[in-house]
Amino acid sequence: MKLAKLAIEQRATTYFGIILILVGGTFCYFQLGQLEDPEFSVKTAVITTTYPGASAEQVELEITDRIETKLQEMVELKNVYSNSRPGLSIIKVDIKSNYWSDRLPQVWDVLRKKVADVEPTLPPGAGKPKVGDDFGYVFGFLLAVSSDGYNYAELERYVEDMRKELSVVKGVARVDLWGVQDKKIYLDVSSPQLSELNITLDQITRTLQSQNLVVDAGRVDYFTERLRIAPTGEFRSPEDIGELAVAGVVQDRDEILRIRDIAQVRFGYIDPPNSFMRHNGRPAIALALAPGAGENVVHVGEAIDKRINELVAELPVGINVERISWQSDQVSESIVAFMVSLLEAVAIVLALLALTMGVRAGIIIGISGLVFPILGTFIVMAIVGIDLHRISLGAMIIAMGMMVDNAIVVTDGIMIRIAQGMDRKQAAIEAASRPAVPLLGATIVACMAFYPIFASSYDTGEYAGSLFTVVAISLVLSWVFCQTVAPLMCIAMIPAPQAGQESSAPFQSHFYNLFRGLLRLTIRYRIMFMGGMVGLLAVAVLGFRYVPQLYFPDSSRLQIMIDYWAPEGTRIEETSAGLKRIEEFLEQHEATASVSSFIGKGPPRFYLPVSAEDPYTSYAQIIVNTNSLDGVNQLLVDSDIWIQENVPEAMVRVRKYAVGAFDDWKIEARISGPANADPETLRRLGEEAADILRDTPLAKEVRVNWREKVIALTPEYNQERARWAGVSREDLARVMRRSSDGIVVGQYRQDDDLIPIVVRNNAAERSQAATSLDALQITPRLSTHPVPVLQVIDGIETRWENPIIWRWDRRRAITVQCSPNNVTAPTLRNAVLEKFNDIKLPPGYRLDWDGEYWSAKQSQDALTPGIVPAIVVMLFILVALFNSFRPMIICMLVIPFVIIGITGGLLLTQTPFGFIALLGAMSLSGMMIKNAVVLLDEVNANIAKGLQPYDANIEAAVSRLSPVVNAAGTTVLGVLPMLQDVFWVALAVTIFFGLIVGTLLTMVMVPTLYALLYRLPRTRPEE
């Protein structure tokens, strides 16, 4: 391969290419998109259907089951799971992992069609199913607009104005509000007064509806014009409703009464609220902004910042606008941190090379082996559309050690030849061209070590797939530049030896002779040496079971989240009151910057790996911003201790954010039964499993997802008496609903809003409704004479019922969930696994593990399809390079022994082994194969020069010692900056210790295995 010769002879073209790389790489760096984490699609859709008045079981059987049955026809379906509650069905659909973001829109179209097909079969009274396929939509910019001294209506008006202004900012795709309360017009009536005046709810309803209808009075001709007739009478203010006339009976005389005479007309908001928000203790509304697809998040953030500053200047004192999460800042900090790590790594590599090979050689290798491949990688990333983010920048740092390998080999070869007196041009061409094909083959082999993650169809493949792409781009470019730029720089910068100082034996120093002696010793006692190494490997494999296991590490975000679960059925007002104590503690903590509380359901998805919790009146989440990463850890510990001591009435979780694939509960054990399994049996099995977790100190925050049973009031409807009285079940339900939540009887138009008009009993009667339902008066539809509720019922009973019925893949299922207590999830699962397996399951029931265990298993299993082609390509290249099987066998035999270093390093530092550490192990295999290939190629070159196989083997290892050790040293020291990053620390530890041992194995074990497989003599033939 004469690429080096061509580059040297066509210097003008080469220099022009160098200039293009320098300019283009710098320009592309500033044009690349910038993200905190790579984008990956959340393959989940939510189908929500209302069924007012139905019990959880009725919702399950009549709504949930019908929709799930239809969804089962989808070939794209992975899992379907649901929870059915009184009046509400929530179905979540997971799509198979191989459907990435480019194919999901078509899948959602199929999903909508299936839901539309089943809609006509739903029972009367059921609402239209709503399909939400934006479950994974990420609002990277989250603001809290809070009020100090203003009422809610004024706060809402200012927020709506801000929403309109921010929605037109360039790069903003969507602006949503969280915590906005639904408007209502309440007519608070006295039930006895209505009965006394013989006014029925139907009368009020008909009067309101007829009065406020949009009526068409037609048009009339007037000379040359045609005029529209527009009668007045529509409500123009809530006070107009009070003036509405209703027919009633006063002292046995028919009278026209005003609504205000029989009801208090009040404009307000939904009561009780479904959800609401506080920020730093003040009422607030959240503004959630999402950048457009493909937009540079940093630039969008700057534009939003600029517009917000302009808007805030116009707001009155008392309306506060504060950030909760700001993606552009986090992205900028992340990019800056990674660039600092990259520059530190480059500096470390250059310093090491300058120390071991000389300043000039260090500069040559640093520029041709690092700077140019990195700049070239930026250009290719811009072309193929890869952004700067955690994975792509991390990939560069991982590849950096391997990038310099090629330049080290070429530069070292040129230096040796020039030192021997060879013409510098000839030395450059020969040193670059002779190992060109082996270096290219070894480079491709190193790239293929990362291919399985690229080929993975699981979420982790979509998340970390750019790792393979960036590593492959940078390594291939490093080979190109070692064949072009490195020879030119060596010709220009490597000094010629002074006359008479040419070195014909560069490897005869005392150090190299000691290394020769070591090799001769291991080759002589090859069986004993290999037996000892196999023994160490066995110890490492056994010791690996003591290495902590972790799927994905925690994030370095300066935030924590606190989940608050009151007992199921708790009023949202009580949930809010219980949460206030925690907020007050957090606000006083020195590490706290701000406290945002979302009550009733989870906040908007502002961080891709974390999904929002479904709505529950008993649920709330606090997001705490801190001043530093140390503050995160301190607040986490202090909050956990304080909450355990002071909030015994609720289950509270204090946790960090995580990166990559995120499981809301790290430990989940799901027990499922037949399609309509007995709920009591499931509850018994669930509690038995929960007790196992409660009994171990390794678990905390144990709960069952069916939650606690709740009390339901059950009026016993007497059909016979009710028929005689002319009272239907609907009449009974209406009067009871009016006594509490109220009944919608019309609509009031206010600008573009349609505000429901709700009739309900007055506050005094509502406060006693739970204990006085039997004292209510029912007015039958065809009568004006009220009938006591007690006359049509046999009493009111209280009974316990399931508030939630969960299903998994159309089977009723109960899931036990918990968090590990100061241990990793695998450690906790392994500790309780035997006891879980001992649970006696009835026929048809099964136990499955979900959570982090299942996610990790799926991501690891998803690597398998990519492992096979990667191994095939690697083996084929190894065989093709040497046209022999034994070199390939040597390379493959060396790889497993790197576990010795990995296990030792992880145990020594107590660093968990997880998915990111697995990437480090994969990269190690590529590095070791690459070094072994270069060494074995040198053996063949020595034999071709006429050396005996024994000497050729040893001299090859001696001559490759400096390049291999230098390459390993640059990689080992290059990953040191990554030890500062919680995401990459496991990979850094894996490479650091694994490569130190791996380098020793390459330089000693490869020659020993070569001697063993090629049956070389135990000593030199002449000895």
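The model shown is predicted, which means the values in this text are computed figures rather than measured ones. (Residues numbered from 1 in each chain as written. Predicted model: local features only at pLDDT ≥ 70, side-chain atom pairs only at ≥ 80, totals over all residues. Heavy atoms only, no water.)

(A) How the structure looks around the overall build of the protein. When helices and strands are counted, the protein shows 35 helices and 30 strands. Each principal axis of the C-alpha distribution contributes one length, and for the protein these read about 135 × 80 × 55 Å. By residue count, 55% of the 1023 residues in the protein fall in the buried class. Sequence-distant contacts in the protein: of pairs separated by 6 or more residues, those separated by 24 or more amount to 81%. A gap of 7 Å separates the mean positions of the 93 positive and 112 negative side-chain charges of the protein. (Helix = DSSP H or I, 4+ residues; strand = E, 2+ residues; numbered from the N terminus. Buried < 20%, exposed > 50% of the residue type's maximum accessible area, 1.4 Å probe, protein only. Contact = heavy atoms within 4.5 Å. Lys, Arg positive; Asp, Glu negative; His and termini not counted. Charge placed at Lys NZ, Arg CZ, Asp CG, Glu CD.)

(B) Geometry of unusual backbone geometry. The linkage connecting Asp 271 with the following residue, Pro 272, adopts the cis geometry, with an omega of 0°. You can see Pro 272 is positioned in the loop between strand E12 (263-269) and strand E13 (276-279). Of note in this structure, Asn 883 is not a glycine but carries a positive phi near 50°. Turning to its location among the elements, Asn 883 is positioned in the loop between helix H30 (864-882) and helix H31 (886-894). Its identity is not glycine, yet Gln 910 carries a phi of approximately 55°, on the positive side. Positionally, Gln 910 belongs in the loop between helix H32 (899-909) and helix H33 (915-944).

(C) The packing of aromatic side chains, seen in detail. Tallying each qualifying case throughout the model produces 23 aromatic pairs. With a centroid separation of 5.0 Å and an interplanar angle of 85°, the aromatic rings of Trp 178 and Phe 598 are classed as edge-to-face. Separated by 420 residues along the polypeptide, Trp 178 in strand E6 (residues 172-178) and Phe 598 in strand E17 (residues 592-599) bring together distant segments of the chain. Judged by its relative accessible area of 7%, Trp 178 falls in the buried class. Seen in terms of ring centroids, Phe 992 and Phe 993 are 5.1 Å apart; in terms of plane orientation they differ by 70°. Their pairing is edge-to-face. Given the relative accessible area of 22%, Phe 992 is considered partly exposed. For Phe 993, a relative accessible area of 21% corresponds to the partly exposed category. An aromatic cluster of three or more residues is present, and its members are Tyr 29, Phe 30 and Phe 378. The aromatic ring of Trp 665 is capped on one face by Arg 653, whose charged end is 3.5 Å from the ring centroid. The ring of Tyr 186 carries Arg 760 above its face, with NZ or CZ at 3.8 Å from the centroid. (Phe/Tyr/Trp six-rings, centres within 6.5 Å; stacked < 30°, edge-to-face > 60°. Lys NZ or Arg CZ within 6 Å of the ring centre and 35° of its normal.)

(D) Molecular detail of the nonpolar core. Counting 203 residues, the largest nonpolar core has Leu 166, Leu 287, Leu 289, Ile 304, Phe 378 and Trp 984 as its most contacted members. Ranked by residue count, the leading element in this core is helix H13 (residues 390-419), at 18 residues. Ala 56, Leu 685, Ala 690 and Cys 818 belong to the second largest nonpolar core, which has 33 residues in total. (Core = buried A, V, L, I, M, F, W, Y, C linked by side-chain atoms within 4.5 Å.)

(E) Representation of the pairing of strand E24 (residues 753-761). Within E24, 7 of the 9 residues are buried, leaving the element largely enclosed by the surrounding structure. In terms of strand pairing, strand E7 (residues 183-189) meets E24 through 5 bridges, oriented parallel. Of the residues in E24, the one forming a bridge with Leu 187 is Val 759. As paired strands, strand E23 (residues 743-750) and E24 are joined by 7 bridges and run antiparallel to one another. The residue of E24 that forms the bridge with Arg 749 is Leu 754. Between E23 and E24, which follow one another and run antiparallel, lie 2 residues, and Asp 751 among them has a positive phi close to 55°. (Pairing = 2+ DSSP bridges.)

(F) Region of the structure containing the pattern of salt bridges. Counted by the stated rule, this structure contains 47 salt bridges. Of the charged contacts, one joins Arg 812 and Glu 60 as a salt bridge, the two residues approaching to 2.6 Å between their closest N and O atoms. Note that Arg 812 is positioned in strand E29 (residues 811-820) and Glu 60 in helix H3 (residues 56-71), a separation of 752 residues in sequence. In this pair, the class of Arg 812 matches that of Glu 60, namely buried. Note that Arg 174 is salt-bridged to Asp 176, the shortest N-O span being 2.9 Å. (Salt bridge = Lys/Arg side-chain N within 4 Å of Asp/Glu carboxyl O.)

(G) View of the packing of helix H14 (residues 424-433) against helix H18 (residues 466-493). Their axes nearest at 10 Å, the elements H14 and H18 cross at an angle of 155°. Viewed along their axes, H14 and H18 adopt a mutual orientation that is roughly antiparallel. The hand of the H14/H18 crossing is right-handed. Along the contact surface, H14 presents Arg 424, Lys 425, Ala 428, Ala 432 and Ser 433, while H18 presents Cys 482, Gln 483, Pro 487, Cys 490 and Ile 491. (Axes fitted to C-alpha atoms, helices over the stretch in contact; angles between N-to-C directions. Parallel < 35°, antiparallel > 145°, perpendicular 65-115°, else oblique. Left-handed = near helix turned anticlockwise from the far one by under 90°.)

(H) Layout of the side chain of Gln 817. Here Gln 817 is to be found in strand E29. Within the local environment of Gln 817, its side chain forms a polar contact with the side chain of Glu 668, the two groups lying 2.8 Å apart. Side-chain polar atoms of Gln 817 contact the side chain of Arg 703, separated by 2.8 Å. What Gln 817 contacts, discounting residues up to four positions off in sequence, is Trp 665, Ile 667, Glu 668, Glu 701, Val 702, Arg 703 and Asn 705. (Polar contact = N/O pair within 3.5 Å; in protein donor to acceptor, adjacent residues only side chain to side chain.)

(I) Just a positive patch on the surface, in detail. On the surface, a cluster of positive charge is contributed by Lys 2, Lys 5, Arg 11 and Lys 425. Within the element layout of this structure, Lys 5 appears in helix H1 (residues 3-9). (Patch = residues over 30% accessible without salt bridge, like charges linked within 9 Å, V, L, I, M, F, W, Y side chains within 5 Å. Areas by Shrake-Rupley, 256 points an atom, 1.4 Å probe, with all protein chains shown as cover.)

(J) Geometry of helix H11 (residues 327-357). The first and last C-alpha atoms of H11 sit 44 Å apart over 31 residues, in line with the 45 Å expected at 1.5 Å per residue. Looking at the residues trailing H11, positive phi occurs at Gly 358, about 105°. (Expected span 1.5 Å × (residues − 1).)

(K) Main features of a nonpolar patch on the surface. Together, Val 220, Tyr 222, Phe 223, Leu 227 and Ile 229 make up a nonpolar patch on the protein surface, roughly 510 Å² of accessible area in all. Along the chain, the position of Tyr 222 falls in strand E8 (residues 219-222).

(L) Representation of the packing of helix H15 (residues 436-448) against H33 within the structure. Contact geometry for H15 and H33: axes closest at 8 Å, N-to-C directions at 165°. In terms of orientation, H15 and H33 fall into the roughly antiparallel class. You can see that H15 and H33 cross each other, and the crossing is right-handed. Two secondary-structure elements touch here, H15 through Pro 438, Leu 439, Ala 442, Thr 443, Val 445 and Ala 446 and H33 through Gly 926, Ile 929, Lys 930, Val 933, Val 934 and Asp 937. Taken together, the residues of the contact of H15 with H33 break down into 8 nonpolar, 2 polar and 2 charged. (Nonpolar A, V, L, I, M, F, W, Y, C, P; charged D, E, K, R; others polar.)

It is worth stressing that arrangement in space is one thing and function is another; only the former is reported here.
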